[in-house]
Amino acid sequence: MPISAQQEHAPSRAHPGALVLLLGLPALLFALITWQVVADGPLLRLDARLSRVLLNPDRFSELLSDLGNVGVAVPVLAVALGYAAVRGRRDGTGRWWLPVAAAALLMALVPALVVPLKELTDRPGPPVVPSGTGYYPSGHTATAAVAYGGATLLLLPGLRTALARRALVTVCAALVLAVSYGLVRRGYHWPLDVVGSWCLCAVLLTGLWLFLRRRTARPGRPPGNA
């Protein structure tokens, strides 16, 4: 395909307003929530009341929370990584391994970011869990969001119809929401632990999306395995 045709069909550059919404707003909310957690601010009292309303430990909520386990979410991402690698190599895409490496690196960043934040905030858990600290932000929520979100971003370019793309995004959102609901319902996390992870992962996944979008939009990429 000529370069001009590639440019015609390539996605337009992200609007600055959209970048502010996708990057700036989640980052600001994450900073606000983290400050409230560290300072024991008024949001924590609202958080505790909401937790009491939602709390109802049962087997179903535990099963939902298990969808955020590393042993469940990461293999899903691994399958998507393998598929994207095979597809990119088969299609002769230049540097086909870059999107795969970027998504894998993002997954590796989750514990590197979440664990220090847990130590920094030192937040106690809800009353139904054993005494201890390090519950903010939720690691299970972050694992689910980045694993399922990263898999979705890798698989979207291979889907031919808008219906299929919407279905994949819907399934991804449903999985992350199911994990989040299960964690709060079961009493493993406060609601703000989960919301904080949403904000953090929104920034991470937007960064991955921008990287993949830039590669898709770049004209004149040479074929081959370079």
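A quick note: this is a predicted structure, and the numbers were derived from the prediction, not measured.

Student: How do you make sense of the overall build of the protein when you look at a structure like this?
Tutor: On a plain count of helices and strands, the protein comes out with nine helices and zero strands. Start at the N end of the protein and walk to the C end: the helices and strands fall as α-α-α-α-α-α-α-α-α. Residues classed as buried in the protein amount to 39% of the 226 residues present. When the accessible area of the protein is evaluated, it comes to approximately 12300 Å², of which 69% is carbon and sulfur surface.

Student: Explanation requested: the packing of helix 5 (residues 70-90) against helix 7 (residues 139-155) in the structure shown.
Tutor: Between two packed helices, what matters for the description is the angle formed by their axes and the separation of those axes. Contact geometry for helix 5 and helix 7: axes closest at 9 Å, N-to-C directions at 20°. Considering the angle they form, helix 5 stands roughly parallel to helix 7. Handedness of the helix 5/helix 7 crossing: left-handed. Each of Val70, Val72, Ala73, Val74, Val76, Leu77, Ala80, Leu81, Tyr83, Ala84 and Arg87 in helix 5 lies in contact with helix 7, whose residues at this interface are Thr143, Ala144, Ala147, Tyr148, Gly150, Ala151, Leu154 and Leu155. The residue makeup of the contact of helix 5 with helix 7, split by class, is 16 nonpolar, two polar and one charged.

Student: Teacher, can you tell me more about the pattern of salt bridges here?
Tutor: Overall, the coordinates contain five salt bridges when judged by the stated rule. Two residues, Arg123 and Asp47, come together in a salt bridge whose shortest N-O distance is 2.8 Å. Separated by 76 residues along the polypeptide, Arg123 in the loop between helix 6 (97-121) and helix 7 and Asp47 in helix 3 (residues 42-54) bring together distant segments of the chain. Like Asp47, Arg123 is buried. The residue Arg90 makes a salt bridge to Asp91 at a minimum N-O spacing of 3.2 Å. A relative accessible area of 59% means that Arg90 is categorised as exposed. Ionic contacts of the salt-bridge type, sharing partners, join the residues Asp47, Arg123 and Asp193 into one network.

Parameters and conventions
- Residues numbered from 1 in each chain as written.
- Predicted model: local features only at pLDDT ≥ 70, side-chain atom pairs only at ≥ 80, totals over all residues.
- Heavy atoms only, no water.
- Helix = DSSP H or I, 4+ residues; strand = E, 2+ residues; numbered from the N terminus.
- Buried < 20%, exposed > 50% of the residue type's maximum accessible area, 1.4 Å probe, protein only.
- Areas by Shrake-Rupley, 256 points an atom, 1.4 Å probe, with all protein chains shown as cover.
- Axes fitted to C-alpha atoms, helices over the stretch in contact; angles between N-to-C directions.
- Parallel < 35°, antiparallel > 145°, perpendicular 65-115°, else oblique.
- Left-handed = near helix turned anticlockwise from the far one by under 90°.
- Contact = heavy atoms within 4.5 Å.
- Nonpolar A, V, L, I, M, F, W, Y, C, P; charged D, E, K, R; others polar.
- Salt bridge = Lys/Arg side-chain N within 4 Å of Asp/Glu carboxyl O.

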